[in-house]
Amino acid sequence: MIATARTKQVRVTDMTSANQQTAVETTNWKTALPVMAGTTFTLRELRTEDAPSLLAMLTTEEVSRFISPPPTTVEGFERFIIWAQNERQAGNYACFAVVPQGMTTAVGIFQVRSLDSGFATAEWGFVLGSQFWGTGIFAEGARLVVDFAVDVIKVHRLEARAAVANGRGNGALRKIGAVQEGVLRRSFIRNGVHHDQVLWGIVAEDWRLQRLSQAPTTATIN
């Protein structure tokens with residue numbers, strides 16, 4: 001699946017019934033992210049050994065054309081991973097690696113970052129290597145990540161931005177129940193070209209109501 005929200009390039013200097021609750025639990029996500037197992041993949045904390053596979057998967061033109069430029073070297077991804085772990089410890093950011101069954105390293109990421117001091121409002125984004133588009137990993141993984149944001153981090157409002165031209169990304173967000181709230185004109189620049197972006201929102205109360213009408217998830221959280 002094509003990434004839909006801003007993917008940050010950084011420098012490191014230094015589930016159900018009316019009475020059922022989500023199964024996502026963790027003692028303290030700031031200490032360590034939970035491992036969330038879907039049907040054909042696992043979401044877990046990023047590790048430095050993911051850097052080579054992320055470089056291979058996320059820097060192709062078809063994957064990267066609608067996101068902020070990703071790192072261009074293994075070392076750059078290693079710095080990003082260290083930054084992500086530091087920001088998670090500070091309570092500002094959570095980034096899950098997507099690891100398909102039969103593999104040990106990441107082929108994509110889901111990220112959630114705070115837009116205010118209390119994490120009541122957050123932005124999320126995702127990017128997945130193109131050979132895994134259409135496999136169902138995005139839809140199932142996205143629901144796990146939104147459950148985590150709403151039930152564990154206690155996010156009230158979750159936003160995503162997708163370039164208008166990114167039909168696959170916009171369709172993916174619509175499919176999981178995000179609401180299109182507007183168009184941000186010329187809000188994203190890539191390769192010198194300014195793009196309009198669609199603003200998508202998920203509100204915690206709406207997400208919980210949507211979850212009540214869905215079948216129980218088969219995912220397990222460790």
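Use the structure listed above.
Residues numbered from 1 in each chain as written. Predicted model: local features only at pLDDT ≥ 70, side-chain atom pairs only at ≥ 80, totals over all residues. Heavy atoms only, no water.

**Q** In this structure, what is going on with the environment of Glu49? I would like to understand it.
**A** Along the chain, the position of Glu49 falls in the loop between strand 2 (41–45) and helix 1 (51–58). A relative accessible area of 45% means that Glu49 is categorised as partly exposed. With 25 residues separating them along the chain, Glu49 and Val74 place their C-alpha atoms 9.5 Å apart. (Helix = DSSP H or I, 4+ residues; strand = E, 2+ residues; numbered from the N terminus. Buried < 20%, exposed > 50% of the residue type's maximum accessible area, 1.4 Å probe, protein only.)

**Q** I would appreciate a short explanation of the nonpolar core in the present structure.
**A** The nonpolar side chains of soluble globular proteins are, as a tendency, buried together. Leu43, Leu46, Phe110, Trp124, Phe148 and Leu158 are the most contacted members of the largest nonpolar core, which totals 62 residues. It is helix 4 (residues 137–153) that provides the largest number of residues to this core, a total of 12 residues. Apart from residues lying up to four places away in sequence, Leu43 is in contact with Pro34, Val35, Met36, Phe96, Ala97, Val98, Phe110, Gly141, Leu144 and Val145. (Core = buried A, V, L, I, M, F, W, Y, C linked by side-chain atoms within 4.5 Å. Contact = heavy atoms within 4.5 Å.)

**Q** How should I be thinking about helix 4 in this particular structure?
**A** An α-helical turn contains 3.6 residues, so a residue and the one three or four places further along point in the same direction. With 17 residues, helix 4 should reach 24 Å at 1.5 Å per residue; the first-to-last C-alpha distance of 22 Å fits that figure. Within helix 4, 16 of the 17 residues are buried, which leaves it mostly tucked inside the rest of the structure. Downstream of helix 4 by a residue or two, Lys154 has a phi angle that is positive, lying close to 75°. (Expected span 1.5 Å × (residues − 1).)

**Q** Sorry if this is basic, but what is going on with the pairing of strand 4 (residues 108–114) here?
**A** For a regular strand, side-chain orientation follows a simple rule: the groups alternate between the two sheet faces. With six of its seven residues buried, strand 4 lies for the most part within the structure. Where strand 3 (residues 93–100) meets strand 4, six bridges bridge the pair, whose relative direction is antiparallel. By the bridge assignment for strand 4, Phe96 is matched with Phe110. Relative to strand 5 (residues 121–128), strand 4 runs antiparallel, the two being bridged by seven bridges. By the bridge assignment for strand 5, Gln111 is matched with Gly125. In this antiparallel pair of consecutive strands, strand 4 and strand 5, the connection spans six residues, and Phe119 shows a positive phi of 65°. (Pairing = 2+ DSSP bridges.)

**Q** I keep staring at the packing of aromatic side chains and nothing clicks. Help me out?
**A** One pair of aromatic rings is described through two measures. These are the centre distance and the angle between the planes. Applying the stated criterion to the full structure yields nine aromatic pairs. Centroid distance Phe80 to Trp83: 6.0 Å. Interplanar angle 25°. Geometry classified as stacked. Here Trp83 and Phe80 lie together in helix 3 (residues 74–89), a separation of three residues that amounts to about one turn. With respect to burial, Phe80 and Trp83 carry one shared label: buried. Aromatic side chains Phe96 and Phe148 sit 5.1 Å apart centroid to centroid with 90° between the ring planes, which places their arrangement in the edge-to-face category. With a gap of 52 residues between them, Phe96 in strand 3 and Phe148 in helix 4 connect regions that are remote in the sequence. Overall, the relative accessible area of 0% leaves Phe96 in the buried class. Since its relative accessible area comes to 0%, Phe148 is described here as buried. The structure contains a cluster of three or more aromatic residues connected by ring pairs, namely Trp29, Phe96, Phe119 and Phe148. (Phe/Tyr/Trp six-rings, centres within 6.5 Å; stacked < 30°, edge-to-face > 60°.)

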